[in-house]
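As a plain string of letters, each chain reads:
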Amino acid sequence: MKKIHLNIDHISMEFPTPGGSYVALEDVDLEIKTGEFVSLIGHSGCGKSTVLNVVAGLHKATKGGVVLDGKEVDEPGPERAVVFQNHSLLPWLTAYENVELAVQQVFGRANSKQKKSKAEMKQWIEHNLNLVHMDHAMHKRPDEISGGMKQRVGIARALAMEPKVLLMDEPFGALDALT
C-alpha cells in the first residue's frame, strides 16, 4: 500500500484589505503521513480555516505550497474532501441527491479508476447516509431537516468520496453531544 504524504510546505497567505495587506498565515510548515490525524487548534481568526482552504485547493498560498503524493495542489480535487463548518448542501437537492452528486463525480465518470455501477452507487450512498444515521431522512431537502442533520449529510457526502485526505472545519459544531 502506497503511503499518502501531505506536505504543507512553508505556506503564507496574505489578503488585500483597504488598509493594506492582511497576513493570515505566515510560514506554516507541516508534514502528514498515512493514518495520521492532525488537529489545528487556535483562537478564532488565527488561520485554521485558511490552512484547510489552501490544502483543499480553494485558495492559492501567497508563498509556499501544498504537495499531496508528490503532486502540487493547485485546485480542488476528489482526493481531498472537505466538511465545512456550515453544511454547504445544495438546497434544491435531497440529502440523498447531495451525497449522490459527489459520488457521481468520483465513481460515475467513464474514466474513473474506481467506476461503480448505478446499483453499487445507490448502495454506497445509502450506506454512507446510514453511517451518520440519516437514512430515515434521505429524501428530505435541507430546509426540511435540522442544522445538525444537515451537517451529518455533509459528513456522509465527504466520506462517500473515499478521499485520501479528509479536511474537517469544525464539522461537529452543529451536532448535539449524543450524536
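Data block above holds the structure.
Residues numbered from 1 in each chain as written. Predicted model: local features only at pLDDT ≥ 70, side-chain atom pairs only at ≥ 80, totals over all residues. Heavy atoms only, no water.

The grouping of Leu 131, Leu 159, Leu 166, Met 168 and Phe 172 at the surface amounts to a nonpolar patch, some 420 Å² of accessible area in total. Turning to its location among the elements, Leu 166 is positioned in strand E6 (residues 165-168). Taking the relative accessible area as the measure of exposure, Leu 166 reaches 34% and is therefore partly exposed. (Patch = residues over 30% accessible without salt bridge, like charges linked within 9 Å, V, L, I, M, F, W, Y side chains within 5 Å. Areas by Shrake-Rupley, 256 points an atom, 1.4 Å probe, with all protein chains shown as cover. Salt bridge = Lys/Arg side-chain N within 4 Å of Asp/Glu carboxyl O. Helix = DSSP H or I, 4+ residues; strand = E, 2+ residues; numbered from the N terminus. Buried < 20%, exposed > 50% of the residue type's maximum accessible area, 1.4 Å probe, protein only.)

This part is about the sheet that holds strand E3 (residues 63-68). One open sheet holds the four strands; their spatial order is E2-E1-E3-E4, and the pairing between them is antiparallel. Sheet topology places strand E2 (20-33) and strand E4 (71-72) at the edges, where each strand pairs with a single neighbour. Here two bridges tie E3 to E4, and the two strands are oriented antiparallel to one another. Within E4, the position partnered with Leu 68 by the bridge is Lys 71. (Pairing = 2+ DSSP bridges.)

With a phi close to 55°, Asp 27 is a non-glycine residue in the positive phi region. Assignment of secondary structure puts Asp 27 in strand E2.

So, on to the pattern of salt bridges. A complete count under the given rule lists five salt bridges for this structure. For the salt bridge of Lys 33 with Glu 31, the shortest nitrogen-to-oxygen distance reads 2.7 Å. Take Lys 33: its relative accessible area is 45%, and that puts it in the partly exposed class. Since its relative accessible area comes to 43%, Glu 31 is described here as partly exposed. Linking Asp 69 and Lys 164 is a salt bridge whose minimum nitrogen-to-oxygen distance equals 2.9 Å. Of this pair, Asp 69 sits in the loop between E3 and E4 while Lys 164 sits in the loop between helix H4 (147-160) and E6, and the two are 95 residues apart along the sequence. On the basis of relative accessibility, which here comes to 47%, the residue Lys 164 falls in the partly exposed class.

This brings us to the nonpolar core. The biggest cluster of nonpolar side chains holds 26 residues, and the ones touching the most others in it are Val 99, Val 103, Leu 129, Met 134 and Val 153. Residue assignment for this core shows that the elements contributing at least two residues are strand E5 (80-83), helix H2 (95-107), helix H3 (118-131) and H4. The greatest single-element share of this core, amounting to seven residues, is contributed by H2. Once residues within four sequence positions are removed from consideration, Met 134 is found in contact with Leu 129, Ile 145, Met 149, Arg 152 and Val 153. (Core = buried A, V, L, I, M, F, W, Y, C linked by side-chain atoms within 4.5 Å. Contact = heavy atoms within 4.5 Å.)

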